[in-house]
Amino acid sequence: MKKLLLVLSLFLLIYACSKDEENLCADSDLGVNCQGADYVKNSDSPYVLPWETGKTFSIGQGNCTEGSHSLGQLQFAYDINMPIGTNIVAMRSGIVGKVIESFEDLEPGTVGLADEANYITVKHDDGTEAQYVHLTLNGALKNEGDSVIQGEIIALSGNTGYTTGPHLHFQVMQALTECEDTDDRPNYIRYFCNSIPITFKNTSEHCFGLLDSKLMPNGYTAEPY
Ligand SMILES: [Zn+2]
């Protein structure tokens, strides 16, 4: 009898969880600007979260917002709330493209300039490029041209550039072969035509990409993969 109850409660628990997820994914208020975006299922994603296994962080700003991640180059960027000095890992293996790490972290309450952000970029074998931004002073742990493997610690988060507080901003830009790059601002991160929607294989299901802390206050945990 006990066994039966156990099985029954386990079934109910699984049912309740999947129901919740279903409702969240069907919520028409979510991803409203992201309609039609092609988010692959977590299990098929080539990416892992850019933080260490076992750690949990919440999302300050998700995709397709009315803020700095509105339509365009940064549409599919994420802002992760994390203290200065947090280890950042490579979401996917690749070759380090550009490294900028000479800017000082901002004092609390101040906002810096967009072209004074520290960052590291990693080019993937399909031509896409991950860009990890606002790193701390000397916060790049790899050099241009280095190979990095998925999950390897490559940088330390910070509070440099156009930011109002410590966080990691990141996005994956589409392959250059898919568009014509017209962004030639010299000191900025070299954006390609657009960022692309990505999901992560080592955390809970997320239908519209990672949801921000208003919807997912507990954030996302990087699970072993
Ligand atoms: Zn951002």
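Residues numbered from 1 in each chain as written. Predicted model: local features only at pLDDT ≥ 70, side-chain atom pairs only at ≥ 80, totals over all residues.

1. Brief notes about the overall build of the protein chain
At step 1: Scanning the protein chain from N- to C-terminus turns up 1 helix and 11 strands.
At step 2: Starting at the N terminus and walking to the C terminus, you meet the elements of the protein chain as α-β-β-β-β-β-β-β-β-β-β-β.
At step 3: Looking at the 225 residues of the protein chain, the share that counts as buried comes to 36%.
At step 4: For the protein chain, contacts bridging at least 24 residues in sequence account for 72% of all contacts bridging at least 6. (Helix = DSSP H or I, 4+ residues; strand = E, 2+ residues; numbered from the N terminus. Buried ≥ 20, exposed ≤ 12 C-beta atoms within 10 Å, placed from the backbone. Contact = placed C-beta atoms within 7 Å.)

2. A word on unusual backbone geometry
At step 1: A positive phi is found at Cys64, a non-glycine position, where the angle reads about 55°.
At step 2: Relative to the helices and strands, Cys64 resides in the loop between strand E2 (59-61) and strand E3 (78-81).
At step 3: Classification of Cys64 by C-beta neighbours within 10 Å gives buried; the count is 20.
At step 4: Even without being a glycine, His134 presents a positive backbone phi close to 75°.
At step 5: The residue His134 is located in the loop between strand E7 (129-133) and strand E8 (147-148) in this model.
At step 6: Judged by the 29 C-beta atoms lying within 10 Å of it, His134 is buried.

3. Comments concerning the pairing of strand E10 (residues 167-173)
At step 1: Most of E10 sits inside the fold, with 7 of its 7 residues counted as buried.
At step 2: Of the two faces of E10, the one carrying His167, His169, Gln171 and Met173 and the one carrying Leu168, Phe170 and Val172 are both buried.
At step 3: As defined by bridge partners, E3 adjoins E10 across 4 bridges and the pair is classed as antiparallel. Bridge pairing in E10 places Asp79 opposite His169.
At step 4: Sheet analysis places E7 next to E10, joined by 5 bridges and oriented antiparallel. (Pairing = 2+ DSSP bridges.)

4. Re the nonpolar core
At step 1: If you look at the biggest cluster of nonpolar residues, it comprises 45 residues, and the most contacted ones within it are Ile88, Tyr119, Ile120, Tyr132 and Ala155.
At step 2: Only E3, strand E4 (87-89), strand E5 (94-100), strand E6 (119-123), E7, strand E9 (153-156) and E10 provide two or more residues apiece to this core.
At step 3: Looking at this core, the element that brings in the most residues is E10, giving 4 residues.
At step 4: With residues near it in sequence (within four places) discarded, Ala155 still touches Ile88, Ile120, Tyr132, Leu135, Gly139, Ala140 and Leu141. (Core = buried A, V, L, I, M, F, W, Y, C linked by C-beta atoms within 7 Å.)

5. Things to note about the confidence of the model for the protein chain
At step 1: Mean pLDDT for the protein chain: 87, with 84% of residues reaching 70 or above.
At step 2: Below pLDDT 50 for its whole length, residues 10-19 participates in 0 contacts with residues either more than four positions away or in separate chains. (pLDDT = per-residue confidence, 0-100.)

6. Here's the deal with the sheet that holds E2
At step 1: Strand order in the open sheet formed by 7 strands is E2-E3-E10-E7-E6-E5-E8, and the pairing between neighbours is antiparallel. Edge positions in the sheet fall to E2 and E8, since each has one partner strand and no second.
At step 2: As judged from the 2 bridges shared by E2 and E3, these two strands associate in the antiparallel manner. When the bridges of E3 are listed, Gln61 appears paired with Asp79.

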